[in-house]
Amino acid sequence: MSVVVRRNLPQIIVALIIVLMVLFYFFYINADVSKTFTTADKALSDWAIVITAIAAIVGGIDILRYHVNQIRKREMRQIIFSCIVIVMEIIMVLLACYALSSGIAITTQPNFAWLYTYLYAPADAAMYSILVFYIASASYRTFRARNPPAILLLIVAIIVMLGNTSLGAMIWEGFLPLRDWIYNVPNTAAFRPITMGIGFGLIMLGLRLIVGKETTWMGRRE
Amino acid sequence: MAKEEKRRPFGMAQVIYTLLIISIVIPLLNPVGLPIGISQTTKDVYNYIENTLPAGSPVLIDLYYEMAARAELEPQAAAVVKHLFEKNCKLVFVSTITYGPIVFELLKSTAPDLFEGKQYGTDYVFLGYIAGNEPAVASLAQSIRGTIAVDNYGTPIANLTMMANIDKAEDFKLVFIVSSGTDTFGWYVRQWYTTHNVPLLFGALSVIGPSIKPYVDAKQAIGMLTGQRSAAEYETLVGRKGLGLASMDAQSFAHALILVFIIIGNILFLATRSKPKPKEVKKK
């Protein structure tokens, strides 16, 4: 493939779409133009939906391929997990296909719903719940009054924790309003510039994509 | 030869974990019923739905959370859904995450009282999972019928009575985003609030709360609920004892225990620091 097709053409398409999206989002010229813009904007959004849906299928195939390769490598510690992933993926896809062929929603197919609710859901919830133990043991070690900023962090953490619980209100009713104040004033003051910084960063990224300076999304250059 | 590190079967970490399990499990099995104060943030949300939102308004609810976040977010969703149904609002459920359809079925099965007397298609609908993230949200704002042809159960949107007059963002009076991610809130701010001026309400995890607070302070959202605490407060306000209230005692005791750990940690730290360091022997 020539450089034009491999590199320049995708860059031109991306730049064009960015310019169109900016036009559709920010500019209102008149009602007729706006209507045309809305139709085109909707079409672009719908394309994105279709591409994402197809990407999910590609993702599923990629997971399957990765784990088949793991089995081929015959690594005994990994092989059992790869087998579980492959078997489960095939079962879920088959059940989903069966549901679709029966004319019912995939999630209401009893076997699919059972596997999801009683196998996947508890495992996922347990993974997240385990965090509490790490947080408890980390807080014991990290919240130490080493220096003035650490002392400030410690005080704020105690206020927020007590403000979040019923016990805090039993000790002193002021913990809840104080927690709200910390949330509303210092916290927002800290997060607003972060949010604005992300916004500026995205603008810069968009500009770099338009002028063709940003190429990492295309993968490594040959 | 280096000595092999011996792992203690029951060290300090294990003591902490055991105490933590006890502090969570016992209050869950035997709730103490500690009183809960209502924060102004939750009161604002309640007052908006109660006093400002017209009765019978169409409301879009995006269930964007997975199983891991269910314990924190489902009680919020259930409490707000109860309040909205009490106001005879027409609820359009949707999900922009793959877990959505299962999460919706779980909400229905764990809180059947919410949907009692409410008819599918007339009082509420579930559009199912819509792929595409922000573009999907943008597309829905422009036209639901133009984005999807059928709901989660394969019924054509045109056949759903409730959807006859509901199609685009302007038809909704409120969007309630229950999300375990941070980006989701930004999508709706950009695609529903900024472009169509539809009021937004956020339901987020405790850890996400601080990062989305600027949107609420900038009045880009009417308010937000964060974590189990807000869920418990909202359950108190709407008079439905659910998972939020049930887990507040456990959360209170767990937090109290963590505070005790922090205090002990600091006492030990200060005691170690105040000890005179052994003098170093000067090398000749």
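Caption draft 1: Geometry of the packing of aromatic side chains. Residues and elements named next belong to chain A. Inspection of every chain in the model, using the stated rule, returns 23 aromatic pairs over all chains. Ring geometry for Y25 and F26: centres 4.8 Å apart, planes at 70°, overall edge-to-face. What makes Y25 partly exposed here is its relative accessible area of 27%.

Caption draft 2: Structural context of the packing of helix α1 (residues 3-26) of chain A against helix α2 (residues 31-72) of chain A. All names here are of chain A. Closest axis-to-axis distance for the α1/α2 pair is 10 Å, and the angle between their directions is 130°. The angle between α1 and α2 falls in the class oblique. When you trace α1 past α2, the crossing you get is left-handed. Contact residues: α1 offers L20, M21, L23 and F24, while α2 offers F37, A40, D41 and L44.

Caption draft 3: Quick look at the pattern of salt bridges. Applying the stated criterion to the full structure yields 13 salt bridges over all chains. The closest approach of N and O atoms between E214 of chain A and R208 of chain A, which form a salt bridge, is 3.1 Å. K90 of chain B is the partner of D123 of chain B in a salt bridge, and the nearest nitrogen-oxygen pair spans 3.4 Å. Residue D123 of chain B is located in the loop between α5 (112-115) and β3 (124-129), and its partner K90 of chain B is located in strand β2 (residues 90-95); the two are separated by 33 residues in the primary sequence. According to the relative accessible area criterion, D123 of chain B is buried, its value standing at 14%.

Caption draft 4: Representation of the nonpolar core. Residue and element names in this part refer to chain B. Membership of the largest hydrophobic core comes to 87 residues, with the highest contact counts inside it found for F93, W192 and F202. For this core, the element with the most residues is helix α3 (residues 70-86), which contributes 8 residues. Setting aside its immediate chain neighbours within four residues, F202 contacts F176, I177, F185, V189, I212, Y215, V216, A221, G223, M224 and L225.

Caption draft 5: Fine view of the confidence of the model for chain B. Mean pLDDT for chain B: 90, with 94% of residues reaching 70 or above. Both scores are available for the predicted complex, with the pTM at 0.87 and the ipTM at 0.83.

Caption draft 6: Local environment of the sheet that holds strand β6 (residues 223-226) of chain B. All names here are of chain B. Across the sheet, which stays open at both edges, the 6 strands sit in the order β3-β2-β1-β4-β5-β6 with parallel pairing between neighbours. In the strand order of this sheet, the two ends are held by β3 and β6, each with one partner. Taking each pair of neighbouring strands and ignoring which way they run, the sheet shows an average axis angle of 15°. α3 rests against β1 (58-64), β2, β3, β4 (174-179), β5 (200-204) and β6 of the sheet, and its axis sits at about 160° to β4. Seen against the sheet, helix α9 (residues 209-217) touches β5 and β6 and runs at an angle of roughly 170° to β6.

Caption draft 7: Examining the pairing of β5 of chain B more closely. Residues and elements named next belong to chain B. β5 sits mainly inside the fold: 5 of its 5 residues count as buried. By the alternation rule, side chains of β5 split into L200, F202 and A204 and L201 and G203, which are all buried. In this structure, β4 lies alongside β5, joined through 5 bridges in parallel fashion. What sits directly across from F176, in β5, is L201. Since β4 and β5 lie parallel, the crossover through helix α8 (residues 183-196) that links them has a hand, and here it is right-handed.

Caption draft 8: Summary view of the pairing of β2 of chain B. All names here are of chain B. The buried count for β2 comes to 5 of 6 residues, which makes it a mostly enclosed element. Across 5 bridges, the pairing between β1 and β2 is parallel. By the bridge assignment, P58 is partnered in β2 with K90. With 4 bridges joining them, β2 and β3 adopt parallel strand pairing. Paired with F93 across the bridge in β3 is F126.

Calculation rules
- Along each chain, the written sequence defines residue order, and numbers are assigned to residues from 1.
- Going through the entries in the order they are written, you letter the chains from A and number the ligands from 1.
- Side-chain atom pairs in this predicted model are given and counted only at pLDDT of 80 or more, local residue features only at pLDDT of at least 70, and totals for whole chains, interfaces and linings cover all residues.
- Side-chain measures here rest on the full set of heavy atoms in the structure, leaving out hydrogens and waters.
- Classification of ring pairs uses Phe, Tyr and Trp, with its six-membered ring standing for Trp, and accepts pairs whose centres are within 6.5 Å; under 30 degrees between planes counts as stacked, over 60 as edge-to-face, and the remaining range as tilted.
- Partly exposed residues are those whose accessible area sits between 20% and 50% of the maximum for their type, while under 20% is buried and over 50% is exposed, using a 1.4 Å probe and protein chains only.
- Think of each axis as a best-fit line through the C-alpha atoms, taken over the contacting stretch in the case of a helix, with angles from 0 to 180 degrees between the N-to-C directions.
- Secondary structure follows DSSP: runs of H or I at least 4 residues long count as helices, runs of E at least 2 residues long count as strands, and numbering of each begins at the N terminus.
- By definition in this entry, angles of less than 35 degrees are roughly parallel, angles greater than 145 are roughly antiparallel, angles of 65 to 115 are roughly perpendicular, and the rest are oblique.
- A crossing counts as left-handed when the near helix is turned anticlockwise from the far one by less than a right angle, and as right-handed when that turn is clockwise.
- Contact definition: two residues touch when any of their heavy atoms are within 4.5 Å.
- Between Lys or Arg on one side and Asp or Glu on the other, a salt bridge is scored when a side-chain nitrogen of the former is within 4 Å of a carboxyl oxygen of the latter.
- In this description, a nonpolar core means a group of buried Ala, Val, Leu, Ile, Met, Phe, Trp, Tyr and Cys residues linked to one another through side-chain atoms lying within 4.5 Å.
- One number per residue, pLDDT, summarises how confident the predictor is, and it ranges from 0 to 100.
- The pairing criterion for strands is at least two bridges between them, as found by DSSP.
- Seen with its strands pointing away from the viewer, a crossover is right-handed when the path leading from the first strand over the helix to the second is clockwise.

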